[in-house]
Amino acid sequence: MVVTTKEFASFLKKKGFIYQSSEIYGGLAGLYDYGHLGTKVKRNFEDVWRKFFLTLNENYYEIDAAQIMHENVFEASGHLANFVDPVAKCSKCDFTERADHLIEDATKKRAEGLSPEQLTDIIKKNKLTCPQCKSTFQPVTIINMMFPVHAGVGTTHRAFLRPETAQSPYVNFKLQYEILRKKLPLGLGMIGKAFRNEISPRNLTLRQREFTQAELQIFFNPHKINEHSDFDSVKNYKLQTLLVTDRKKNKIVERTAAELVKLKLPTFYVYHLVKMQQFYLDELKIPHKKFRLYQLDDKEKAFYNKYHFDIEIDLTEHGFTEMGGLHYRTDHDLSGHQKVSKEKMEVLDEESGKKFIPHVLELSLGVDRSVYALLDVAYTDDKKRGNVVLQLQSKLTPFFCAVFPLVKNKENVVKKARDVYDSLKTCYSCLYDQASSVGRRYARADEMGVKYCITIDFDSLEDDSVTIRDRDTTKQERIKISELKDKLFTLYFK
Ligand code: GAP
């Protein structure tokens, strides 16, 4: 059942998933907090990400790094010069908007990557005016999106809050490569915060000024870009692509991995395109029809990319929305860091005896956008039940199971329920609830996404059995307490 973003936002706040940060002071645009349930879903997503991406190769590792970074990092990466967004400012009032978004909203045509002059022309041609005061716009200008920081007191160092987690693995590369036995491909993954001074943050966590990314940087030998030892296992796998050449029809076209290689995309790149799709479809269970791999053209690609596909999910009210991207960044970043830091980033190719700077394939995902998508897809307004059912799968949902005593005023029923809860809580994310009627508790559990509710009733005192209710079917089953843990184990992996 489709809901509006407003209703969705109100549900997420009411239940303690996501809400505006610093709200008691009126909030700040583009900043959100995760409550007790939202935090659990976010952590669960991150765990699934770790299990999937960091096990793609035994030479992939996770690191954690500072969020404030040296100014020279961004001189080297090109962010100081190129990490800019176009601004459309009203000529009369204080209204400002990202110029390409203003145009896209009004014309429904993509405007990403156009120059300020082109954007100014389109705004004029389409006679776009300020939505607040109806005045015309000033010519489009650009602003750098990074947050500067003055670190220290007295003598201060100009630094920046990193605008992408990626730069941390890049500046860590040489040391990690030495420590990790000088082997390529080397994967350095990181889940962490990124900061961007977005011109017009909006749509809850979809466009924030502080957000979490999960990115895997794979450093590899560019001479081996047309090979991958495991490619045979995916060559017939069908990818849901929308290439630049498909845009006129605006239709997803299924292509096998082998077909994409024939279209001149490198094997190493296509292999990881498959892994990105498998992560969303198989691990997160995003419905096929809501997923696509969208190829960006030369104008739209990020300034550091040679090949760039966005990973997109079709969201209620927003349509296909970028969750992440597969970025072939070449040696752009490592060469930049070598030049500015004077530290050698080269490694030795044992086969040819020649030195080279590794290239980087970046598997970049937005954690907040992915969590938003999971909640959007899971949200079901069940009219028959009269409540929302959050159909998150077991490994993502905040609570896998809940234990209820049928009544709260019978000491022996409550004691038995507590015993069952105590035995489960160390194995599963488990909730205990004895407030209000069982019907009300089921409804509450549905809204939190609890997959199985276990009720201890009067019969339980006699037969040592409980009732398990399945969230999605509402079917109930009677089962011995002694078999409960094993039963839940089977259900968890179902
Ligand atoms: N390291 C590459 C990189 O940062 P990006 O496309 O700019 O690439 C990657 O960002 C992902 O981070 C996006 O696909 C999106 O999911 C997330 N992201 C970017 N800006 C965001 C914002 N303002 N709010 C929430 N998520 C954002």
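Residues numbered from 1 in each chain as written. Predicted model: local features only at pLDDT ≥ 70, side-chain atom pairs only at ≥ 80, totals over all residues. Heavy atoms only, no water.

J.: Can you tell me about the packing of aromatic side chains, naming the residues and giving the values?
T.: Both the distance between ring centres and the angle between the ring planes are used here to describe each pair of aromatic rings. A complete count under the given rule lists 29 aromatic pairs for this structure. Aromatic pair Phe-400 and Tyr-492: ring centres 5.0 Å apart, planes at 75°, arrangement edge-to-face. Taken together, the residues Phe-400 in the loop between β21 (387-390) and β22 (401-405) and Tyr-492 in helix α15 (residues 481-492) connect sequence positions 92 residues apart. In this structure Tyr-492 comes out as partly exposed when scored by relative accessible area, which is 27%. Where Tyr-421 meets Tyr-432, the ring centres are 5.6 Å apart and the plane angle is 55°; that geometry is what we call tilted. Of the two residues, Tyr-421 is situated in helix α12 (residues 411-425) and Tyr-432 in strand β23 (residues 430-432); the sequence distance between them amounts to 11 residues. Neither Tyr-421 nor Tyr-432 differs from the other in exposure class; each is buried. Clustering of aromatic rings is evident, with ring pairs tying together Phe-45, Trp-49, Phe-52, Phe-53, Phe-279, Tyr-280 and Phe-291. Seen from the ring of Tyr-442, Arg-469 lies directly overhead, with NZ or CZ sitting 4.3 Å from the centre. (Phe/Tyr/Trp six-rings, centres within 6.5 Å; stacked < 30°, edge-to-face > 60°. Helix = DSSP H or I, 4+ residues; strand = E, 2+ residues; numbered from the N terminus. Buried < 20%, exposed > 50% of the residue type's maximum accessible area, 1.4 Å probe, protein only. Lys NZ or Arg CZ within 6 Å of the ring centre and 35° of its normal.)

J.: So, the sheet that holds strand β3 (residues 60-62): which residues are in play, and what are the values?
T.: In spatial order, the strands read β3-β10-β11-β19-β16-β15-β14-β12-β13; together these 9 strands make up an open sheet with mixed pairing. One side of each edge strand has no neighbouring strand; the edge strands of this open sheet are β3 and β13 (253-256). Sheet twist, expressed as the mean angle between neighbouring strand axes with direction ignored, is 30°. As paired strands, strand β14 (residues 291-295) and strand β15 (residues 307-315) are joined by 5 bridges and run antiparallel to one another. Across the sheet, residue Leu-293 finds its bridge partner in β15, namely Ile-311. (Pairing = 2+ DSSP bridges. Axes fitted to C-alpha atoms, helices over the stretch in contact; angles between N-to-C directions.)

J.: Tell me about the domain arrangement of the protein, residues and numbers included.
T.: Parsing the protein into structural domains produces domain 1 (5-77 + 152-377), domain 2 (84-144) and domain 3 (399-492). Each of domain 2 and domain 3 has a C-alpha centre, and the two are 55 Å apart. (Domains from an automatic or database assignment.)

J.: Talk me through the environment of Arg-440; I want residue IDs and the actual numbers.
T.: You can see Arg-440 is positioned in helix α13 (residues 438-448). When the C-alpha positions of Arg-440 and Leu-242 are compared, they lie 45 Å apart, and in sequence the two are 198 residues distant.

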